Structures are given as C-alpha cells and as structure tokens.
Amino acid sequence: MATIISQCSLSVLRQSAEKLRAGDLVAFPTETVYGIGADAENKDAVARMYQVKNRPASHPVIVHIAELNDVDYWAQEIPEYAINLMRDFWPGPMTLLLKRREVAGDFLTGAQEVVGLRIPANSLALGLLNEFKAVGGKGIAAPSANRYGAVSPTTAEAVSQELSEFLSPNDQILDGGPCLVGVESTIIDCSGQNPKILRPGAISAEMIEESTGIVLEEVSETKIRVSGSDKQHYAPKAKVIIDGQSQSGEGLIAMIEVTTPEGVIRLAEPKSIEEYARVLYSALRMSDTQNLERVRIIPPTGPGLAVAIRDRINRAAAN
Ligand code: TXA
Ligand code: MG
C-alpha cells in the first residue's frame, strides 16, 4: 500500500526526492505514461522496483534525467545525430540508447553496452528530477508503472490498481492527472552510425529524419521490437481482436467515424490521432473493469503517432 499524493508542491517533491535517495519507490507522471521510479544508483531499490513490477531482472530500464548536462554522467561517445535529437526533442517523449559509462551498471542496462536516457516533458516529473538532483541524485530509473506485460497506466488511480498491493507504506504515488501523450516514448538506438527506432512513439520517423538529416532504414511495422521485450505486452485480460465486424457484447475502440452496432460497448471514440493515443490505455483498462471477454479495435491509419498506436494494438492482440 503506497500513499497517493495529489497536491505535489515543491516541498512535497523535495520529500519524494529524499525518499528516493533513501531507497523508497516513487511513482510519478510523465507526458507519456506513469513510471515507477527508483534511485538509478541504488541497486537494491532498483531490484525492489523489479519485484513490484514482477519484471524479469534481465530487462533494462530507462534512466530519467533533469537536463542535457546530465547525459555525460551516464553516457559517452555520443554521436552528432543524437545531440541533434536531444536538442530538438528533449524534454519530450523520446528515449535514446547511448554507449554507457561504467556508472550505468548491469542492473540498469540488462548487461547491454547501452544505457537508455530520457528527459520527460512533464512539470511534475521535471520538478521531481530537479529536487532529486538537489539532494545528490543522478538519475531516476523508471519503467512504466504496471505489472509485467500489463497495460501501462496513464492515471495515478491506474498505478494504484496495478501496483498498490505490492508497494510498501513508505512508497509514494504522485498524482499529476492524466498523461498528455498516452503511449510510451519513442526508443532510438544511437549506438550505431545511424539512428534506429526500436519502439515507435510520438517522436515519429519523419521527425527523426528531419532533425538528423539521416534517412532511416525501412523497418516493417510488425517487426519493430524493443530488445528483451516480449511479443505480448500492453495486454488487458480481454481478448483483443483487430478489425472486422463488432459482435454484440464486445467492447469497441475506434475513431469517432466508426459507428457502434447495437449491443456493442463503446470504450473510446477519439476524434483525432492524438486523442486516440491519449485514451487507448484507459479504454483497454475499462474493458477489464467491465469484465468484457473481447475487445475489438479498429486501428488508426497513417504515419506519425498512428504507427505507435498500431504497434501497441498489435502487441495487445498478440496472444
Ligand atoms: O515513455 C516511457 O518510455 C515510459 C516513461 C515512464 O518514461 N517508460 C517506459 O519504460 O516505457 P519501460 O521499461 O516500460 O519500457 C522501456 C523499454 C523496455 O522495453 C526496455 O527493454 C527498453 O526500453 N530499454 C531501456 N533501456 C534499455 C537499454 N539500455 N538497452 C536496450 N533497451 C532498453
Ligand atoms: Mg512498460
């Protein structure tokens, strides 16, 4: 059981930062999804965070930092194109995999030679990261605040539903309202000559090409996989079916143009691609609270953020 805190003043954030330094866990909002944070320099705290998530220890975790100056502490030999990406898209929904320094231990990187870094664009997250720095911290290791394989939480209540029974009374959940983007950050491997998208997100292939001046290698949409991640992820308990005709009793997630046949439970009817991303996970969650057996999803078409949405839908359906 963790405490949910909804009035996150600076003094509250200072307290949370001190808790993190003491080895406690703090869940916090980012613009993408909520993360469950641990001091990235504290191996035991990171290990407990993995336990709370029920996540295999070999999985790497993103280190969240407060500002560009903090990159050098964790990473080295940073390519020019990565610097362009940082300047253009940080703070923002983008994670860069960079050659690690020794301080980025195996327990953070899954023993890989790269460390994942991100500066989130959420005032509460940035406030926490700054306070964490002020008390001597270097970075907050934070995966999405869900149990392993489940849907990422986009509200503090969803974090509480996912993790509360596994958290201890000293741990905290900071409530910053619903996340603005709604799907996880774009992950870009920056360890090679050219950037490579490992997980699509709000920072699209087109934006990366524009920022770096490098044309990305064409990757088949169904082949994009973050190393170490399972095919089935982001999945509700209900069976997810992509496209086709909705049947009575099913849940339905589709753009507003798609009408709801009789007997079908409409879970979301977004008016734009951005809204689709923002409501997708809460709609999937709703299918579970309503005990639905099947959810039908009509994915959005087109480039940009729609690619990320289709990626998550494909994974939610992969069972
Ligand atoms: O938007 C996000 O990225 C959210 C918020 C909280 O920042 N975080 C998030 O973390 O989605 P997580 O752990 O649920 O997903 C991060 C993915 C993992 O699949 C992990 O394998 C990959 O990033 N990753 C992180 N560090 C890595 C590394 N050093 N090498 C390879 N993959 C890495
Ligand atoms: Mg996750």
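Rules used throughout
- Residues numbered from 1 in each chain as written.
- Chains lettered and ligands numbered in written order.
- Predicted model: local features only at pLDDT ≥ 70, side-chain atom pairs only at ≥ 80, totals over all residues.
- Heavy atoms only, no water.
- Pairing = 2+ DSSP bridges.
- Helix = DSSP H or I, 4+ residues; strand = E, 2+ residues; numbered from the N terminus.
- Axes fitted to C-alpha atoms, helices over the stretch in contact; angles between N-to-C directions.
- Contact = heavy atoms within 4.5 Å.
- Domains from an automatic or database assignment.
- Buried area = accessible area lost by both parts, 1.4 Å probe.
- Salt bridge = Lys/Arg side-chain N within 4 Å of Asp/Glu carboxyl O.
- Polar contact = N/O pair within 3.5 Å; in protein donor to acceptor, adjacent residues only side chain to side chain.
- Near = heavy atom within 4 Å.
- Areas by Shrake-Rupley, 256 points an atom, 1.4 Å probe, with all protein chains shown as cover.
- Parallel < 35°, antiparallel > 145°, perpendicular 65-115°, else oblique.
- Left-handed = near helix turned anticlockwise from the far one by under 90°.
- Nonpolar A, V, L, I, M, F, W, Y, C, P; charged D, E, K, R; others polar.
- Buried < 20%, exposed > 50% of the residue type's maximum accessible area, 1.4 Å probe, protein only.
- Lys, Arg positive; Asp, Glu negative; His and termini not counted.
- Disulfide = S-S within 2.5 Å.
- pLDDT = per-residue confidence, 0-100.
- Core = buried A, V, L, I, M, F, W, Y, C linked by side-chain atoms within 4.5 Å.

### Considering the sheet that holds strand 14 (residues 294-297)
Ordered in space as 11-14-12-13, the four strands form an open sheet in which the pairing is parallel. Each having just a single partner strand, strand 11 (239-242) and strand 13 (265-268) make up the two edges of the open sheet. The sheet shows a mean angle of 30° between the axes of neighbouring strands, taken without regard to direction. Where strand 12 (residues 251-253) and strand 13 come together, three bridges link them in parallel fashion. Bridged to G251 within strand 13 is I265. Packing of helix 9 (residues 273-289) onto the sheet brings it into contact with strand 11, strand 12, strand 13 and strand 14, and relative to strand 13 it is tilted by some 135°.

### What to know about the domain arrangement of the protein chain
Along its sequence, the protein chain is carved into domain 1 (3-212) and domain 2 (239-316). A C-alpha centroid distance of 27 Å is found between domain 1 and domain 2. Listed per partner, the contact involves 21 residues of domain 1 and 15 residues of domain 2. Here domain 1 and domain 2 share an interface that buries about 1,300 Å² over both sides, 58% of which is from carbon and sulfur atoms. When residues of domain 1 are sorted by the area they lose upon contact with domain 2, V151, V183 and P200 head the list and together hold 37% of the total. At the boundary of domain 1 and domain 2, one finds two salt bridges. For R312, the salt bridge goes to E184, with nearest N and O atoms at 2.8 Å. In this assembly, domain 1 and domain 2 are joined by six residue pairs in polar contact (both at pLDDT 80 or more).

### Details of the site of ligand 1
In the vicinity of ligand 1 lie 23 residues, with T32, R55, H64, V114 and S185 positioned nearest. Here an oxygen atom of ligand 1 and a side-chain polar atom of R118 are 3.1 Å apart. The contact in question runs from an oxygen atom of ligand 1 to an N or O atom on the side chain of S185, over 2.6 Å. Look at ligand 1: alone it shows 670 Å² of surface, and the protein chains cover 96% of it. Among the elements of the structure, strand 4 (62-64) and strand 6 (114-118) are those that each provide at least two residues to the shell around ligand 1. The dominant element in the shell around ligand 1, judged by the number of residues it contributes, is strand 6, at four residues.

### With respect to the packing of helix 9 against helix 10 (residues 305-317)
Between helix 9 and helix 10, the shortest axis-to-axis distance is 9 Å and the interhelical angle comes to 20°. Taken as axis vectors, helix 9 and helix 10 run roughly parallel relative to one another. Crossing of helix 9 against helix 10: the hand is left-handed. On helix 10, the residues that touch I273, E274, Y276, A277, L280, Y281 and L284 of helix 9 are L305, A306, I309, R312, I313 and A316. For the contact of helix 9 with helix 10, the residue count by class is 11 nonpolar, no polar and two charged.

### Some words on the side chain of K53
Relative to the helices and strands, K53 resides in helix 2 (residues 43-53). For the buried residue K53, which engages in no salt bridge, the nearest side chain bearing the opposite charge is E162, 7.5 Å off. The residues touching K53, leaving out its near neighbours within four places in the chain, are I36, P143, S144, N146, R147 and Y148.

### Comments concerning the state of the cysteines
By definition, a disulfide links the sulfur atoms of two cysteines through a covalent bond. Counted by the stated rule, this structure contains zero disulfides. With no disulfide of its own, C8 has C179 as its nearest cysteine by sulfur position, at a separation of 13 Å.

### Quick look at the confidence of the model for the protein chain
Per-residue pLDDT for the protein chain averages 94, and the proportion of residues at 70 or more is 96%. Here residues 224-228 is modelled with pLDDT under 50, and outside its nearest four sequence neighbours on either side it reaches 17 contacts, counting other chains as well.

### Remarks on the sheet that holds strand 7 (residues 140-141)
With respect to topology, 10 strands assemble into an open sheet ordered 1-8-2-3-7-4-6-5-9-10, the strand pairing being mixed. Each edge of the open sheet carries a strand with a single partner, namely strand 1 (3-5) and strand 10 (196-199).

### Observations regarding the nonpolar core
Grouped together as the largest cluster of nonpolar side chains are 65 residues, with contacts concentrated most on M49, W74, L85, L96, L98, L117 and L174. Take this core: its biggest share by element is six residues, from helix 6 (residues 123-134). Residues V33, V151, V240 and Y281 belong to the second largest nonpolar core, which totals 26 residues.

### Considering the environment of T3
Assignment of secondary structure puts T3 in strand 1. With near-sequence residues (within four places) excluded, T3 lies in contact with P169, D171, Q172 and I173.

### Quick word on the pairing of strand 6
Buried residues dominate strand 6, accounting for five of its five residues. Residue alternation in strand 6 divides its side chains into two sets, V114, G116 and R118 and V115 and L117, and both sets are buried. In this structure, strand 4 lies alongside strand 6, joined through three bridges in parallel fashion. Bridge pairing in strand 6 links I62 to G116. For strand 5 (residues 94-99) and strand 6, the ladder comprises four bridges, and the chain directions are antiparallel.

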